[in-house]
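One-letter residues, chain by chain:
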Amino acid sequence: MTLTPRNRDSITEFKAGHYIIVKELYEEHYAALLDFACQLIINKEEAHHIVQETFIRLLGMRDRFNTLTDIKAFLYITVRNSCLVYIRAEKENEPGGNAAWYDEALIAAARCEVAAIREDLLHQMHELVPELPAPEQIVFRLLFYDRLSTQEAAEESGLTVVMITQRRISAIRLLREKLITSNLFSIPLFIYFVAVYCGRESY
């Protein structure tokens with residue numbers, strides 16, 4: 001994300017969670033982060049998941065960042081650490097090209113340039129949340145709509161922190177799969193939906 005006269009107060013807009021800033025961050029860093037992740041793990045599909053999850057975490061913590069340098073450092077350090085965790089878990093890695101959904105995701109991202117279309121897509125994303133399995137839906141709502149911490153969500157639900165984390169990961173993946181199936185999946189819009197939009201809506 002480059003500081004320009006149009007956007008010289010990028011950090012303020014980033015902290016406010018503006019979609020355009022999310023999109024600019026995605027456009028500037030996503031491809032390089034994906035390449036970085038693929039150098040560490042062989043499974044490109046998993047690399048996509050790791051990078052998207054990293055952006056979601058970044059936006060969820062956006063009030064903690066004061067410089068673009070800090071944002072970039074967080075992205076690369078978090079992707080690296082997540083890849084190392086993946087490797088240590090000794091999951092099966094399979095080489096492969098771009099995920100089948102990736103080209104469609106680029107088309108969906110292009111549609112999001114129009115604010116009205118973007119708002120409609122966000123609403124459609126929201127309508128898919130109730131289709132998640134009940135355990136995943138409960139955790140998704142606690143974490144992303146109510147904006148509880150993992151510990152707070154565990155106390156609220158009576159689940160363990162580990163179970164909250166597992167269902168969080170599962171909920172994000174299941175929702176992403178539903179969006180891909182519905183041709184609604186745009187990577188920057190998905191990141192924005194989970195990390196910013198849900199917390200602004202009171203459904």
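Rules and cut-offs
Residues numbered from 1 in each chain as written. Predicted model: local features only at pLDDT ≥ 70, side-chain atom pairs only at ≥ 80, totals over all residues. Heavy atoms only, no water. Helix = DSSP H or I, 4+ residues; strand = E, 2+ residues; numbered from the N terminus. Buried < 20%, exposed > 50% of the residue type's maximum accessible area, 1.4 Å probe, protein only. Contact = heavy atoms within 4.5 Å. Areas by Shrake-Rupley, 256 points an atom, 1.4 Å probe, with all protein chains shown as cover. Salt bridge = Lys/Arg side-chain N within 4 Å of Asp/Glu carboxyl O.

Considering the overall build of the chain
Within the chain, the regular secondary structure consists of 10 helices and zero strands. Secondary structure elements in the chain, listed N-terminal to C-terminal, are α-α-α-α-α-α-α-α-α-α. Evaluated residue by residue, the chain yields a buried proportion of 44% over its 203 residues. Put simply, of all contacts in the chain between residues at least 6 apart along the chain, 71% involve residues at least 24 apart. Total accessible area on the chain is roughly 10,200 Å²; 53% of this is exposed by carbon and sulfur atoms.

Describing the pattern of salt bridges
Under the criterion given, the structure shown has five salt bridges. Salt-bridge contacts for Glu113 lead to Lys23; the nearest nitrogen and oxygen are separated by 3.0 Å. Placement of the pair is Glu113 in the loop between α5 (102–111) and α6 (115–128) and Lys23 in helix α2 (residues 19–40), with a sequence separation of 90 residues. Under the relative-accessibility criterion, Lys23 is labelled buried at 14%. The shortest N-O distance in the salt bridge between Glu131 and Lys178 comes to 3.7 Å. One end of the pair, Glu131, is in the loop between α6 and α7 (134–145); the other, Lys178, is in helix α9 (residues 161–181), and 47 residues separate them in sequence. Glu131 sits in the partly exposed class, given a relative accessible area of 48%. Taken together, the salt bridges that share partners define one network made up of Lys23, Glu27 and Glu113.

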